[in-house]
Amino acid sequence: MKTQRIARTDLSVSAVVLGLMRIADLDDEEIRTLVGAARDAGVTMFDHADIYGGERHGSERRFGDAVSFTPAEREQVVIQSKVGIRDGFFDFSAEHILRTVDESLAALRLEHLDLLLLHRPDALVEPEEVASAFDALESAGKVRYFGVSNHTPGQIDLLARTVRQPLVVNQVQLSITHAPIIAQGVAANMVRLDQSVDRGLGMLDHARLHDITLQAWSPFQKGFFDGVFLGDREHFAELNDVLDELAASYGVTPMAIATAWITRHPAGIQVVLGTTNPGRVTDAAAGADVVLTRPEWYRLFTAAGHVLP
């Protein structure tokens, strides 16, 4: 598994991350099998959030019940969680951040998180509140590093002006078919072309300029929770033809090629898997070691419906 360094940290991480959003209904042995398959495939990073699992800390609690690490194993893995989404509103208040981290650590049965991300932008955010919470968490040894999820460059810069710690990660939706942060830059300034509309506000270039690691969630989704494009020949026949062809050429699965399309980007984007199927984890993880050529990468890009002007 290809590994990379998260800039401005001492964290060496796998290019593929295992997301634990859907594990609440699995039994202990199923969770251990899933995590074991990920570890065997070279995955060293695990992604949580306080809201995953049908109830607050549901998935974190199931993970903590099922999985335990020796001190040596704990040093080899990177565990992150997210905070800020509540029932009907978003909340970046210091009180909520601090309470939630304590609850997450208790649920996970851990002494610290390697990364804490602010989940969805809080329109009522007060950066001073966030800074106070981050300082308290860092000084107490409860969180090592900090980042955000689904944030625009301006929202990151607003926080960064006050928060003392670097914001080192931004987790965003990205797949071959849902790639506005990449596709817009290819077709910038093209009149009457939807692709040229800047929905990410320069998110990709901002991340590269400021040493922020992007993490791609829903890497196989057609759009915003519209189902997967893999095998969807009604809407993405050409794309699936190319995925199948390249998969055969590299001796991997189409899912691996879809992963490779993201990890091939020089921004060093991580792929966050949401599956609970150990075999799919293995298949997808294999894509991190596939280095697509430029023609292959662009062929997938255009087969997905994106325009090269």
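You'll find the structure just up there.
Fair warning: this is a prediction, and the values are worked out from it, not measured in the lab. (Residues numbered from 1 in each chain as written. Predicted model: local features only at pLDDT ≥ 70, side-chain atom pairs only at ≥ 80, totals over all residues. Heavy atoms only, no water.)

Comments concerning the nonpolar core
In step 1: If you look at the biggest cluster of nonpolar residues, it comprises 81 residues, and the most contacted ones within it are Leu116 and Trp261.
In step 2: Looking at this core, the element that brings in the most residues is helix H10 (residues 254-263), giving 6 residues.
In step 3: Excluding anything up to four places from it in sequence, Leu116 contacts Ser81, Lys82, Val83, Ile97, Val101, Phe134, Leu137, Val143, Tyr145, Phe146 and Gly147.
In step 4: If you look at the next biggest cluster of nonpolar residues, it comprises 12 residues, including Ile6, Val17, Leu115 and Val169. (Core = buried A, V, L, I, M, F, W, Y, C linked by side-chain atoms within 4.5 Å. Buried < 20%, exposed > 50% of the residue type's maximum accessible area, 1.4 Å probe, protein only. Helix = DSSP H or I, 4+ residues; strand = E, 2+ residues; numbered from the N terminus. Contact = heavy atoms within 4.5 Å.)

Topic: the pattern of salt bridges
In step 1: According to the stated counting rule, one finds 22 salt bridges in the structure shown.
In step 2: The partner of Arg62 in a salt bridge is Asp65, with the nearest N and O atoms 3.5 Å apart. Of this pair, Arg62 and Asp65 both sit in helix H2 (residues 58-66), 3 residues apart, which is roughly one turn of the helix.
In step 3: Judged by its relative accessible area of 32%, Asp65 is partly exposed.
In step 4: Where Arg233 meets Asp241, a salt bridge forms, and the shortest distance between an N and an O atom there is 2.6 Å.
In step 5: For Arg233, a relative accessible area of 39% gives the class partly exposed. (Salt bridge = Lys/Arg side-chain N within 4 Å of Asp/Glu carboxyl O.)

Re the packing of aromatic side chains
In step 1: Across all of its chains, the model carries 7 aromatic pairs by this definition.
In step 2: With a centroid separation of 6.3 Å and 45° between ring planes, the pair formed by Phe63 and Phe69 is classed as tilted.
In step 3: Seen from their ring centres, Phe134 and Phe146 are 4.1 Å apart, and the 25° between their planes marks the pair as stacked. Placement of the pair is Phe134 in helix H5 (residues 127-139) and Phe146 in strand E9 (residues 143-149), with a sequence separation of 12 residues. You'll find Phe134 and Phe146 in the same group, each marked buried.
In step 4: Among the aromatic residues, ring-to-ring pairing joins Trp261, Trp297, Tyr298 and Phe301 into one connected group. (Phe/Tyr/Trp six-rings, centres within 6.5 Å; stacked < 30°, edge-to-face > 60°.)

A closer look at the sheet that holds strand E5 (residues 78-83)
In step 1: Spatial strand order, E3-E4-E5-E8-E9-E10-E11-E12: 8 strands in a closed barrel with parallel pairing. When the angles between neighbouring strand axes are averaged without regard to direction, this sheet yields 30°.
In step 2: Judged from the 3 bridges that link them, strand E4 (residues 45-47) and E5 form a sheet pairing that is parallel. Across the sheet, Met45 pairs through a bridge with Val78, a residue of E5. (Pairing = 2+ DSSP bridges. Axes fitted to C-alpha atoms, helices over the stretch in contact; angles between N-to-C directions.)

What to know about the environment of Leu158
In step 1: Looking at the element boundaries, Leu158 is found in helix H6 (residues 153-160).
In step 2: Taking the C-alpha atoms as reference points, Leu158 and Glu126, separated by 32 residues in sequence, lie 9.6 Å from one another.

So, the packing of helix H1 (residues 28-40) against H2
In step 1: Relative to each other, H1 and H2 sit at 85°, their axes nearing to 9 Å. Classified by the interaxial angle, the pair formed by H1 and H2 is roughly perpendicular. Between H1, through Asp28, Ile31, Arg32 and Val35, and H2, the contact on the second element is made entirely by Arg62, Phe63, Asp65 and Ala66.
In step 2: When its residues are assigned to classes, the contact of H1 with H2 shows 4 nonpolar, no polar and 4 charged. (Parallel < 35°, antiparallel > 145°, perpendicular 65-115°, else oblique. Nonpolar A, V, L, I, M, F, W, Y, C, P; charged D, E, K, R; others polar.)

What about helix H11 (residues 278-285)?
In step 1: Val281, Ala284 and Ala285 are the residues of H11 that are buried. Here the buried residues of H11 occupy an arc of 95° about the axis, which is enough to place them on one side.
In step 2: Close packing links the buried residues of H11 with strand E3 (16-19), H1, H10 and strand E12 (270-273).
In step 3: By the N-cap criterion, in which a side-chain oxygen at the helix start approaches the backbone nitrogen of a residue two or three places on, H11 is capped by Asn277, the distance to Gly279 being 2.8 Å. (Arc of directions from axis to C-beta. Polar contact = N/O pair within 3.5 Å; in protein donor to acceptor, adjacent residues only side chain to side chain.)

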